[in-house]
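# Architecture at a glance
The primary structure of each chain is shown beneath.
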Amino acid sequence: MELKLPQLWGAGMRPQKAADLLRTIQALAGALAPSVISGRSSGFDRAGYIKISGLHPFALTRKRLTIGDPSGPGLISEIVEQGRSFARALPLGGSNATELSSDAFIRFPTTVPSIRISDQWIGRVFDALLQPLDGGGAMQCGDTAYPIHASPPVPGQREALGSRIETGVRAINLFATCRKGQRLGIFAGSGVGKSSLLSMLLRHSTYDVAVVALIGERGREVRDFVEGHMGKDRLRKACVVAATSDVSPILQRDAAYIALTLAEFFRDQGRSVLLLFDSITRFCLALRETILNSGQPPASRGYPPTVFSELAKLLERAGPGPTRLGGSMTAFFNVLVEGDDLTEPVADSVRGILDGHIILDRQISEAGRYPPIDVIRSLSRNASEGNSYHENALIRRAREILQTRSAVQELIHLGAYRKGADPQIDLALMVSPLIEELLVQAVDEPSCIVDDFLRLEEIFSSINRSF
């Protein structure tokens, strides 16, 4: 029965005494709350999920529970589907039937997953359960807990984008100039060179702390990226969160949230943060698996609608932080494009949310030009405000020349165009090879944005003198 203040007052009790009595009753009720709620599990189903009964109404979606003997470690799982008579949970780690007890219990109260971040995490490689992957000791945690499912900053209180930054990649500096706090997507199919491009950003960009999220990667590639692409020097300024393709989709999902939480923590300390996320597509695939098993029907190419709302929340957390805190978060999100189709749902949604896109082209890669960035299709929406008027004019002219050359490329291969028929085409055929040569860059070759624009200007000056 619900007991209200007017009922006690009407029974002849004074208002102050009735209020004190209600507070006492509420405190006693809180003290009687159980620390463990028991249920029963009926084993794994065909999809590897566990059906549990007897936990209603505490079995809510995304709640963590342990299956097994309360006195032992048990099997940590997360509820992905709830109902009045049963719930379905997905184990966070590898499991088999011999590890599964018939008893399930959930610790009460259950809070939103959170992490206690410390500066000691810089230079470490760990997973979504904060277990070290670098052979080092246990992660040293701070005093304050930060929920991993945080909300994006209030739009009206966000810091504006800063000045342009040095990415160290000549093609990005010129044709997709990035400003401090900007969010760019790197779109490419498999095996085109995304990891090499991330390596260049880590080597040559300017930042205080880098946060690297490796979601759904092969186990071998995690070590290759950390030891080969990063190296000890760059690892000293970075945190790496990894969830390989063989772990639970819940851990892959949580690794993404942890990476954003880390970047927010360092940004709100006033630091310049570089966030590298590889890949947002595998994050969406992990979300799709967990959401489909909660009973939500598929919509666009098998993706439930909730996937795209969660995607927007994650991406909006990146970028500038609250004005009063300072700091910045510049983010690059790798998008693994299925079948090189830039109109597939994840790629299309990400492109509409971020502040620009960098397209890696397979044909350019096969032709031997690295990094294989298609500068005609790549775009930074905030580049014009970061560059000078003269620099923007140079880029417009370079784009026109490259676009002209691309439009008549097939005619040239067929021998249907003769020199002198069109002065604009002749100019494009003369200048475009020089621009392509300028864009060639080795992974360990540094680049400066000021020098890049000077070299582009020299190309046009030399052509003007020859005419």
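Scope of this entry: the structure provided in the associated data block.

Here is what the cut-offs are and how they apply
- Residues numbered from 1 in each chain as written.
- Predicted model: local features only at pLDDT ≥ 70, side-chain atom pairs only at ≥ 80, totals over all residues.
- Heavy atoms only, no water.
- Helix = DSSP H or I, 4+ residues; strand = E, 2+ residues; numbered from the N terminus.
- Buried < 20%, exposed > 50% of the residue type's maximum accessible area, 1.4 Å probe, protein only.
- Contact = heavy atoms within 4.5 Å.
- Axes fitted to C-alpha atoms, helices over the stretch in contact; angles between N-to-C directions.
- Parallel < 35°, antiparallel > 145°, perpendicular 65-115°, else oblique.
- Left-handed = near helix turned anticlockwise from the far one by under 90°.
- Expected span 1.5 Å × (residues − 1).
- Pairing = 2+ DSSP bridges.
- Phe/Tyr/Trp six-rings, centres within 6.5 Å; stacked < 30°, edge-to-face > 60°.
- Lys NZ or Arg CZ within 6 Å of the ring centre and 35° of its normal.
- 1 Å grid on protein atoms, 1.4 Å probe; cavity = no way out; pocket = protein on both sides within 12 Å on 5 of 7 lines; lining within 4 Å.
- Points joined across faces, edges and corners; volume = space filled by probe spheres on them.
- Salt bridge = Lys/Arg side-chain N within 4 Å of Asp/Glu carboxyl O.
- Nonpolar A, V, L, I, M, F, W, Y, C, P; charged D, E, K, R; others polar.
- Polar contact = N/O pair within 3.5 Å; in protein donor to acceptor, adjacent residues only side chain to side chain.

Looking only at helices and strands, the protein features 15 helices and 16 strands. Burial statistics for the protein: of 467 residues in total, 48% are counted as buried. Within the protein, residue pairs in contact and separated by at least 24 positions form 72% of the contacts whose partners lie at least 6 positions apart.

Another point: the packing of helix 8 (residues 305–317) against helix 9 (residues 345–353). Between helix 8 and helix 9, the shortest axis-to-axis distance is 11 Å and the interhelical angle comes to 40 degrees. The orientation of helix 8 with respect to helix 9, classified from their angle, is oblique. Remark: the crossing between helix 8 and helix 9 carries right-handed chirality. Counted together, F308, L311, A312, L315 and E316 of helix 8 and P345, V346, S349, V350 and I353 of helix 9 form the full contact between these two elements.

Taking 1.5 Å per residue, 17 residues should reach 24 Å; helix 5 (residues 219–235) reaches only 18 Å between its end C-alpha atoms and comes up short. Of all the residues in helix 5, the buried ones are V222, F225, V226, M230, G231 and L235. Where helix 5 is buried, its residues touch strand 8 (125–126), helix 4 (194–204), strand 11 (209–215) and strand 12 (238–243).

Time to look at the pairing of strand 15 (residues 356–359). On strand 15, burial covers both faces: G356 and I358 on one face and H357 and I359 on the other are all buried. Relative to strand 15, strand 10 (residues 183–188) is paired through three bridges, and the arrangement is parallel. In the strand pairing of strand 15, I186 is matched with I358. As judged from the two bridges shared by strand 15 and strand 16 (residues 379–380), these two strands associate in the antiparallel manner. When the sheet's bridge partners are listed, G356 is paired in strand 16 with S380.

What follows is about the packing of aromatic side chains. Taken as a whole, this structure holds seven aromatic pairs when the rule is applied. Geometrically, the ring pair formed by F277 and F283 is edge-to-face, given 6.5 Å between the ring centres and 85 degrees between the ring planes. Using a relative accessible area of 0% as the deciding quantity, one classes F277 as buried. Residue class for F283 comes out buried when judged on its relative accessible area of 0%. Here a set of aromatic residues connected by ring pairs shows up, and it is made of Y257, F277, F283 and F333. In this structure, R288 packs its charged tip against the face of Y303, placed 4.6 Å from the ring centre.

Attention shifts here to empty space enclosed by the protein. Scanning all chains against the criterion turns up two cavities of 30 Å³ or more. Computed from the structure, the largest cavity encloses a volume of approximately 60 Å³. Taken together, I165, E166, K180, S205, T206, Y207, S272, V273, L274, S328 and T330 make up the full set of residues lining the largest cavity. When residues of the lining of the largest cavity are traced back to their parent elements, those giving at least two are strand 13 (272–278) and strand 14 (328–336). Ranked by residue count, the leading element in the lining of the largest cavity is strand 13, at three residues. As a volume, the second largest cavity reaches approximately 40 Å³.

Here the focus is the sheet that holds strand 8. Taken in spatial order, the eight strands line up as 8-12-11-13-14-10-15-16 in an open sheet, and their pairing is mixed. Each edge of the open sheet is held by one strand with a lone partner, namely strand 8 and strand 16.

Our focus in this paragraph is the pattern of salt bridges. For the structure on display, the rule yields 25 salt bridges. Salt-bridge contacts for D233 lead to R236; the nearest nitrogen and oxygen are separated by 2.8 Å. Each of the two residues, D233 as well as R236, counts as exposed. Residue R377 pairs with D361 through a salt bridge whose shortest N-O separation is 3.3 Å. Here the residue R377 occupies a position in the loop between helix 10 (362–366) and strand 16, and D361 occupies one in the loop between strand 15 and helix 10, the gap between them amounting to 16 residues. Judged by relative accessible area, D361 falls into the buried class, the value being 16%. Shared partners join several salt bridges into a network, and the residues in it are R158, R183, E316 and D355.

With that settled, consider the packing of helix 6 (residues 249–268) against helix 7 (residues 280–292). Following both chains from N to C, one finds helix 6 and helix 7 inclined at 130 degrees, their axes separated by 8 Å at the closest point. Between helix 6 and helix 7, the angle is such that the two are oblique. The interaxial crossing formed by helix 6 with helix 7 has left-handed handedness. Counting all contacts with helix 6, which are made through P249, I250, Q252, R253, A256 and Y257, the residues of helix 7 involved are R282, F283, A286, L287, E289 and T290. In terms of residue class, the contact of helix 6 with helix 7 is made up of seven nonpolar, two polar and three charged.

What follows concerns the side chain of S380. Along the polypeptide, S380 turns up in strand 16. At 2.7 Å, the side chain of S380 and the side chain of Q182 are in polar contact. For S380, the residues in contact, after removing those within four places along its chain, are F175, A176, T177, Q182, L184, D355 and G356.

Put simply, D278 and S279 share a cis peptide bond, and its omega is 0 degrees. Omega for the peptide link from Y370 to P371 comes to -5 degrees, which places this bond in the cis form. With respect to the element layout, P371 can be found in the loop between helix 10 and strand 16. Here L130, not a glycine, exhibits a phi torsion of approximately 60 degrees, which is positive. Here L130 shows up in the loop between strand 8 and strand 9 (146–147). Classification of L130 as buried rests on a relative accessible area of 18%.

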